[in-house]
Amino acid sequence: MKKILVLCTGNSCRSQIAEGYLRHFAGSKAIVYSAGVETHGVNPKAIAIMAEDGIDISNHTSNHIDEYSNIDFDFVITVCDNAKERCPYFPTNAKKFHHNFPDPAKASGTGQEVMNAFRAVREQVKAYSETFVKENL
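Numbering of residues starts from 1 in every chain and runs along the sequence as written. Reporting of local features is limited, given that this is a predicted model, to residues whose pLDDT is at least 70; pairs of side-chain atoms are given and counted only at 80 or more, and all residues count toward the totals for whole chains, interfaces and linings. Derived side-chain values reflect all non-hydrogen atoms in the structure, with water molecules and hydrogen atoms excluded from consideration.

1. Quick look at the sheet that holds strand S4 (residues 95–98)
So, step 1. Strands sit in the order S2-S1-S3-S4 across an open sheet of 4 strands; the sheet is parallel. If you trace the sheet from one side to the other, it starts and ends with strand S2 (30–36) and S4, each paired once. Geometrically, the sheet is characterised by an average inter-axis angle of 20 degrees between neighbouring strands, direction not taken into account.
So, step 2. We treat two strands as partners when DSSP finds at least two bridges between them. Under the DSSP-based scheme used, a helix requires at least four consecutive residues in state H or I and a strand at least two consecutive residues in state E, with every element numbered from the N terminus. Both strand S3 (residues 75–78) and S4 contribute to a ladder of 4 bridges, which runs parallel. Whenever a helix is involved, its axis is fitted only over the stretch in contact; in every case the axis is a line through C-alpha atoms, and angles between N-to-C directions fall within 0 to 180 degrees.

Here it is as structure tokens:
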């Protein structure tokens, strides 16, 4: 079984969304983890927009990358430029992938506009995750 790590800055939005979708699309083909180079807690808006699409990430935790230093990952996916630049060296043969998704936590405007920003990122991450699983697992 393949091991996938999704890495972001704070492990609160984009990496949590990606973890949810990768688990959904991979099923029993992979074990999916997510972490941050910092930990900011799981964003309640990310939980809400994932629930809208039938994916429950309410039990996810915000984890620091150091917690996974002993796991030999097959794939490491960075979902923001900051994490890619700050990603520590892993003594692993993991294939590395990168896609810089916009940070919905930085969205501004009305409550509806902010939620729409989260939904837009959710759809981008969902499409990326589905394609990743089809092409790599």
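2. Points about the nonpolar core
So, step 1. Nonpolar core, defined: a set of buried Ala, Val, Leu, Ile, Met, Phe, Trp, Tyr and Cys residues in which side-chain atoms within 4.5 Å join the residues together. For each residue, the accessible area found with a 1.4 Å probe, counting protein chains only, is set against the maximum for its type, and the residue is called buried under 20%, exposed over 50%, and partly exposed in between. Formed by 29 residues in total, the largest nonpolar core has its most connected members in Ile4 and Leu22.
So, step 2. Contributing elements (two or more residues each) for this core: strand S1 (2–8), helix H1 (14–26), S2, helix H2 (44–52), S3 and helix H4 (111–136).
So, step 3. It is H4 that contributes the most residues to this core, 8 residues altogether.
So, step 4. The contact criterion used throughout is that any non-hydrogen atoms of two residues lie within 4.5 Å. Ignoring any residue separated from it by four or fewer positions in sequence, one finds leucine 22 in contact with Ile4, Val6, Gly27, Val32, Ile77, Ser129, Phe132 and Val133.
So, step 5. Residues Tyr68, Ile71, Val76 and Ala94 belong to the second largest nonpolar core, which totals 11 residues.

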